Amino acid sequence: YRKELKEATKKDEELKQAISRAIKREIELLAEKNKSKTPNATVFKKSPEDLQLEENFVANKGKLPWPVDQGEIVTRFGQQAHPFLKGVQINKNGITFSTTQNNKVRAVFDGVVSKIIIIPGQGKLVMVRHGDYITVYTNLRETFVRDGDVVKTKEEIGIIITDKGKTETEIQLWKGTEIIDPSLWLYKAK
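Since this is a predicted model, take the numbers as computed values, not measurements.

What counts, and where the lines are drawn
- Residues numbered from 1 in each chain as written.
- Predicted model: local features only at pLDDT ≥ 70, side-chain atom pairs only at ≥ 80, totals over all residues.
- Heavy atoms only, no water.
- Helix = DSSP H or I, 4+ residues; strand = E, 2+ residues; numbered from the N terminus.
- Rg over C-alpha atoms; globule rule 2.2 N^0.38 Å.
- Buried < 20%, exposed > 50% of the residue type's maximum accessible area, 1.4 Å probe, protein only.
- Contact = heavy atoms within 4.5 Å.
- Areas by Shrake-Rupley, 256 points an atom, 1.4 Å probe, with all protein chains shown as cover.
- Phe/Tyr/Trp six-rings, centres within 6.5 Å; stacked < 30°, edge-to-face > 60°.
- Core = buried A, V, L, I, M, F, W, Y, C linked by side-chain atoms within 4.5 Å.
- Pairing = 2+ DSSP bridges.
- Expected span 1.5 Å × (residues − 1).
- Arc of directions from axis to C-beta.

Engineer: Explain the overall build of the protein chain to me, please; I cannot follow it from the model alone.
Structural biologist: Counting secondary structure elements, the protein chain contains two helices and 13 strands. Its C-alpha atoms give the protein chain a radius of gyration of 16 Å, near enough to 16 Å, the size a compact globule of 190 residues would have. Each principal axis of the C-alpha atoms in the protein chain carries an extent, and together these give about 50 × 35 × 30 Å. A buried classification covers 47% of the 190 residues belonging to the protein chain. Residue pairs at least 24 apart in sequence account for 66% of intrachain contacts in the protein chain once pairs closer than 6 positions are excluded. Carbon and sulfur atoms make up 49% of the accessible area of the protein chain, which amounts to about 10,700 Å² in all.

Engineer: What am I meant to see in the packing of aromatic side chains here?
Structural biologist: In this description, a pair of aromatic rings is defined by centroid distance and the angle of the planes. Tallied over the entire structure, the rule returns five aromatic pairs. Geometrically, the ring pair formed by Phe-57 and Trp-185 is stacked, given 5.1 Å between the ring centres and 20 degrees between the ring planes. Taken together, the residues span a long stretch of sequence, with Phe-57 in helix 2 (residues 48–59) and Trp-185 in the segment after strand 13 (178–180) at a distance of 128 residues. For Phe-57, a relative accessible area of 0% puts it in the buried group.

Engineer: Is there a simple way to think about the environment of Val-58 in this case?
Structural biologist: Here Val-58 lies in helix 2. Overall, Val-58 belongs to the partly exposed group, its relative accessible area being 36%. Along the sequence, Val-58 and Thr-177 sit 119 residues apart, while their C-alpha atoms lie 17 Å from each other. Apart from the residues lying within four places of it in its own chain, the contact partners of Val-58 are Tyr-133 and Trp-185.

Engineer: In this structure, what is going on with unusual backbone geometry? I would like to understand it.
Structural biologist: Of all residues except glycine, most have a negative phi; of all peptide bonds, most are trans. Not every positive phi belongs to a glycine, and Lys-154 is a case in point at roughly 70 degrees. Along the chain, the position of Lys-154 falls in the loop between strand 9 (150–151) and strand 10 (156–160). On the basis of relative accessibility, which here comes to 48%, the residue Lys-154 falls in the partly exposed class. Notably, Lys-188 is not glycine yet its phi reads approximately 50 degrees, a positive angle. By the element assignment, Lys-188 lies in the segment after strand 13.

Engineer: I tried to follow the nonpolar core on my own but got confused; where do I start?
Structural biologist: Nonpolar side chains in soluble globular proteins tend to be buried together. Among the nonpolar cores identified, the biggest contains 27 residues, and Tyr-137, Ile-157 and Leu-186 are the most heavily contacted of them. Sorting the residues of this core by element identifies helix 2, strand 4 (95–99), strand 7 (123–130), strand 8 (133–143), strand 10 and strand 12 (166–175) as the ones contributing at least two each. When residues of this core are assigned to their parent elements, the largest contribution, three residues, is made by strand 8. If you look at the next biggest cluster of nonpolar residues, it comprises 14 residues, including Ala-18, Ile-19, Ile-117 and Ile-179.

Engineer: Whenever I open this one, the environment of Leu-186 confuses me. Can you help?
Structural biologist: If you trace the backbone, Leu-186 turns up in the segment after strand 13. A sequence separation of 124 residues divides Leu-186 from Gly-62, and the C-alpha atoms of the two residues are 5.0 Å apart. Non-local contacts of Leu-186, meaning those with residues more than four positions away in its chain, are made with Gly-62, Leu-64, Pro-65, Trp-66, Pro-67, Ile-95, Phe-97, Val-108 and Ile-171.

Engineer: Which parts of the structure should I look at to understand the pairing of strand 8?
Structural biologist: Looking down a regular strand, the side chains alternate between one sheet face and the other. Burial analysis of strand 8 places eight of its eleven residues in the buried class, which makes it a mostly covered element. The sheet contact formed by strand 7 and strand 8 spans six bridges and is antiparallel. Within strand 8, the residue paired with His-130 across the bridge is Tyr-133. With antiparallel pairing between neighbouring strands as the criterion, strand 7 and strand 8 make up a hairpin whose turn holds two residues, including Gly-131 at a positive phi of roughly 70 degrees. Pairing analysis gives five bridges linking strand 8 to strand 12, with the strands arranged antiparallel. Counterpart to Val-136 in the pairing with strand 12 is Gln-172.

Engineer: Looking at this model, I keep getting lost on helix 2. Mind explaining?
Structural biologist: Every α-helix carries 3.6 residues per turn, so stepping three or four residues along brings you back to the same face. A rise of 1.5 Å per residue sets the reference length of helix 2, with its twelve residues, at 16 Å; its end C-alpha atoms lie 16 Å apart and thus fit the reference within 8%. Considered for burial, the residues of helix 2 that qualify are Asp-50, Leu-53, Glu-54 and Phe-57. Along the axis of helix 2, the buried positions cluster into a sector of 100 degrees, meaning they face one direction only. Looking at helix 2, the residues exposed on the side facing more than 90 degrees away from the buried face are Pro-48, Glu-55 and Ala-59.

This is the structure we're talking about:
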């Protein structure tokens, strides 16, 4: 179990770094595009449409639908006890949902697909931007969207990988370059 934990921790860190790099790069590109003079920006310079989208996103805090149409939460955000190893703590950057084989992940709110990243050994992840907020959907074997696509709430964006009999996806929530607890935003997820 300790070897598996070490590998899982390494994968989680690789995932976090890949997402962080993608978000920072997107902020830089948008700053260049908008001729922002803000060095080391940590949030997006928003258009009026982005401001409205973000306001709507924030107004729906605690009411967003789950990213799967059926399933259960198997891992929560933040530091917690390992399920099998006594005295060992793990740190999760999002919420993991377990669901049925071949199930699809769906957008939790209207937004724009900002990036699709392939993580070796972990499948694909989709990042959807809602103003300064980005939802991240991981562990996908196939995606139905491309960079720049506009997605609607509950729109299917990909098929979740099944590995070793488990079909699980993690959703993360970022505000600029800061990771926040998605359970506060999803309906009855706390």
